[in-house]
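Spelled out, the chains give:
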Amino acid sequence: MVRGDATFSLYDFGASIEGPLGGGWSGGAAFHRSWIDTLLPLVIPSDANLSFDTAPRYYDYQFLAAREAWGQRLRLAFYGSMDKVVVILERPPDDPKITGTISARTMFHALQGSIAGEVRPGLRQESSGQLSFNQFRTQFGPEFFFDLDVPQLAIRSTWTLDLARGLQLRGGVDATTAGVTI
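Throughout what follows, the structure given in this document is the object of discussion. (Residues numbered from 1 in each chain as written. Predicted model: local features only at pLDDT ≥ 70, side-chain atom pairs only at ≥ 80, totals over all residues. Heavy atoms only, no water.)

## Here we look at the overall build of the protein chain
Piece 1. Each helix and strand in the protein chain was counted, giving 1 helix and 9 strands.
Piece 2. For the protein chain, the sequential pattern of α-helices and β-strands runs β-β-β-α-β-β-β-β-β-β.
Piece 3. Looking at the protein chain residue by residue over its 182 residues, the buried ones come to 21%.
Piece 4. Within the protein chain, residue pairs in contact and separated by at least 24 positions form 48% of the contacts whose partners lie at least 6 positions apart. (Helix = DSSP H or I, 4+ residues; strand = E, 2+ residues; numbered from the N terminus. Buried < 20%, exposed > 50% of the residue type's maximum accessible area, 1.4 Å probe, protein only. Contact = heavy atoms within 4.5 Å.)

Now the structure itself:
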């Protein structure tokens, strides 16, 4: 059965859908976005004695797919987010070098795969890998800025062995590597 929903408000909207994909796979997708940065300029006349000088904007999304195979639960996910705020400075208060805008944006996108389940009676594992890209952008006027890009690879694996009733041995690895570009 396929099902979904949508929400609308004065400042944002969102939608999601989930259901079978075929071949034993089920999946879902969701999206959420602000629209206040798009809507306000349409309803405030340009000659109005009112200005909107801060415009927040955000969105996030996710796509998921999962299935059971070989006694394991397989899961694939692609998701991300972006948040941005812009402040427009027509007359800077104290510093003549800071004109135009002040803006800040953070963004990430990630692709993740995981497998989890019982390997044999009394032994379970959960393993995943994720490749992600993070980006940070900050600007103060036309001259001052800070840009940072961070690609990242992470792996995690946990193994649990039942030793006796109420007693388990758990071990694993959690490793991350990242690069930074400024």
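Here the narrative resumes, following the displayed structure.
## Side note on the pattern of salt bridges
Piece 1. Under the defined criterion, the tally for this structure stands at 6 salt bridges.
Piece 2. A salt bridge links Arg 124 to Asp 162; its shortest N-O distance comes to 3.0 Å. Highlighted residues: Arg 124 in strand E7 (residues 123-140) and Asp 162 in strand E8 (residues 144-164), separated in sequence by 38 residues.
Piece 3. Assessed through its relative accessible area of 30%, Arg 124 is described here as partly exposed. (Salt bridge = Lys/Arg side-chain N within 4 Å of Asp/Glu carboxyl O.)

## Side note on the packing of aromatic side chains
Any aromatic ring pair is given by two values, namely how distant the centres are and how the planes are angled relative to each other.
Piece 1. Counted according to the given criterion, the structure contains 10 aromatic pairs.
Piece 2. Ring plane angle 45° and centroid distance 5.3 Å describe the contact between Phe 13 and Trp 35, whose orientation is recorded as tilted. Of this pair, Phe 13 sits in strand E2 (residues 12-22) while Trp 35 sits in the loop between strand E3 (25-34) and helix H1 (36-43); the two residues are 22 residues apart in sequence, bridging distant segments of the chain.
Piece 3. Seen in terms of ring centroids, Tyr 79 and Phe 108 are 6.0 Å apart; in terms of plane orientation they differ by 75°. Their pairing is edge-to-face. Remark: Phe 108 occurs in strand E6 (residues 100-120) and Tyr 79 occurs in strand E5 (residues 72-89); sequence separation between them is 29 residues.
Piece 4. Among the aromatic residues, those joined into a cluster by ring pairs are Phe 8, Phe 13, Phe 31, Trp 35, Tyr 59, Tyr 61, Phe 63 and Phe 78. (Phe/Tyr/Trp six-rings, centres within 6.5 Å; stacked < 30°, edge-to-face > 60°.)

## Considering the pairing of strand E9 (residues 167-178)
Piece 1. Both E8 and E9 contribute to a ladder of 12 bridges, which runs antiparallel. Within the sheet, the bridge partner assigned to Gln 152 lies in E9 and is Ala 178.
Piece 2. Hairpin remark: E8 followed by E9, antiparallel, with 2 residues in the connecting loop; positive phi at Gly 166, about 80°. (Pairing = 2+ DSSP bridges.)

## Re a nonpolar patch on the surface
Piece 1. Taken together, the side chains of Phe 63, Phe 78, Leu 111, Leu 131 and Leu 153 define a hydrophobic patch exposed on the protein surface, amounting to about 480 Å² of accessible area.
Piece 2. Positionally, Leu 111 belongs in strand E6. (Patch = residues over 30% accessible without salt bridge, like charges linked within 9 Å, V, L, I, M, F, W, Y side chains within 5 Å. Areas by Shrake-Rupley, 256 points an atom, 1.4 Å probe, with all protein chains shown as cover.)

## Considerations on the side chain of Gln 135
Piece 1. Along the chain, the position of Gln 135 falls in strand E7.
Piece 2. Classification of Gln 135 as buried rests on a relative accessible area of 9%.
Piece 3. Reaching out from Gln 135, the side chain makes a polar contact with the side chain of Arg 105 at a distance of 2.3 Å.
Piece 4. Not counting chain neighbours up to four residues away, the residues in contact with Gln 135 comprise Arg 105, Thr 106, Met 107, Leu 148 and Asp 149. (Polar contact = N/O pair within 3.5 Å; in protein donor to acceptor, adjacent residues only side chain to side chain.)

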